[in-house]
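Examining the three-dimensional arrangement
Now for the letters of each chain:
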Amino acid sequence: MIQQKLDSKIVIDATLRAAEILTGMGYHGKYGSVHLLRLNIQTNTLTAILHNMIAWQISELDKRWTFHAKGGATPDLTDSSGTGIQIKATSNTHVKGNQVSPNEGFFIAVRYTREAYVIKISWILMGEVYKDDWNRPPGTQWAILKPEARRRLVQVYP
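A brief report on the enclosed structure follows. All values reported here derive from a predicted model rather than from experimental measurement. Every residue gets a number counted from 1 within its own chain, in the order that chain's sequence is written. A pLDDT threshold of at least 70 governs which residues receive local features in this predicted model, and a stricter bar of 80 or more applies before side-chain atom pairs are shown or counted, although totals over entire chains, interfaces and linings include all residues. As a convention, hydrogens and water are excluded, and side-chain values are obtained from all of the structure's heavy atoms.

1. Details of the pairing of strand β10 (residues 142-145)
Under the scheme applied here, a residue whose accessible area is under 20% of the maximum for its type counts as buried, over 50% as exposed, and between as partly exposed, the area being computed with a 1.4 Å probe on protein chains only. Only runs of H or I of at least four residues qualify as helices and only runs of E of at least two qualify as strands under DSSP, and these elements are numbered from the N terminus. Side chains Ala143 and Leu145 project from β10 onto a buried face, and the interleaved Trp142 and Ile144 project onto a face without burial. The criterion for strand pairing is that DSSP finds at least two bridges linking the strands in question. Two elements, strand β6 (residues 96-98) and β10, share 3 bridges in a ladder whose sense is antiparallel. Its bridge partner lying in β10, lysine 96 is registered against isoleucine 144. What sits between the antiparallel neighbours strand β9 (residues 134-135) and β10 is a turn of 6 residues, in which glycine 139 has the positive phi angle 85 degrees.

Structure (structure tokens):
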């Protein structure tokens with residue numbers, strides 16, 4: 001079982017580190033200085049960066065997990081036995097997946113807010129999700145985790 005293989009403390013540390021790294025990102029050099037969040041990048045771009053940073057930090061803190069930067073059918077993290085973990089980051093209350101994906105397996109869901117130049121983590125959820133746990137609204141690319149499935153996940157932060 002993945003919950004026994006992945007310590008929630010590592011997930012929390014990795015997520016808070018990822019938020020801190022993103023909060024501190026910018027450029028300072030011969031062309032001036034700019035904080036990444038000053039550029040007011042789109043929320044979906046910020047979410048994608050945070051998503052990858054969380055997975056990368058988990059792989060840095062627990063070497064049993066390999067980070068896969070490319071999305072698609074590949075899980076965000078895998079171990080030597082092929083067990084996978086999917087990470088979902090969101091800036092609102094909905095945990096979203098891709099409508100064409102089965103979205104099954106072990107998930108880490110993270111909600112964040114952007115406040116000026118700071119990324120704040122609101123909550124972290126962990127647990128198993130199944131294909132039928134998603135609403136797939138027509139006309140969108142999204143699958144949205146059903147409220148009853150979200151309640152089944154374990155909130156590990158705060």
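Moving on from the coordinates now.
2. Some thoughts on helix α3 (residues 43-61)
Compared with an ideal rise of 1.5 Å per residue, which puts 19 residues at 27 Å, α3 spans 27 Å between its outermost C-alpha atoms and is within 8% of the ideal. Inspection of α3 places Leu46, Thr47, Leu50, His51, Met53, Ile54, Ala55, Gln57, Ile58 and Ser59 among the buried residues, and these make up the whole buried set. Buried residues along α3 sit in contact with α2 (8-23), β3 (66-67), β4 (77-78), β5 (84-90), β7 (105-115) and β8 (118-129). For a helix, the expected span equals 1.5 Å multiplied by the residue count minus one. Contacts are residue-level and defined by heavy atoms, with any inter-residue pair within 4.5 Å sufficient.

3. A short note on the sheet that holds β6
Strand order across the open sheet formed by 3 strands is β6-β10-β9, with antiparallel pairing between neighbours. Each edge of the sheet is formed by a strand with only one pairing partner; in this case those strands are β6 and β9.

4. So, the pattern of salt bridges
A carboxyl oxygen of Asp or Glu within 4 Å of a side-chain nitrogen of Lys or Arg is what we treat as a salt bridge. If you walk through the whole model with that rule in mind, you get 4 salt bridges. Between lysine 63 and glutamate 60 there is a salt bridge, and its shortest N-O distance comes to 3.9 Å. In this structure glutamate 60 comes out as partly exposed when scored by relative accessible area, which is 38%. Aspartate 62 serves as the salt-bridge partner of arginine 64, at 2.7 Å between the closest nitrogen and oxygen.

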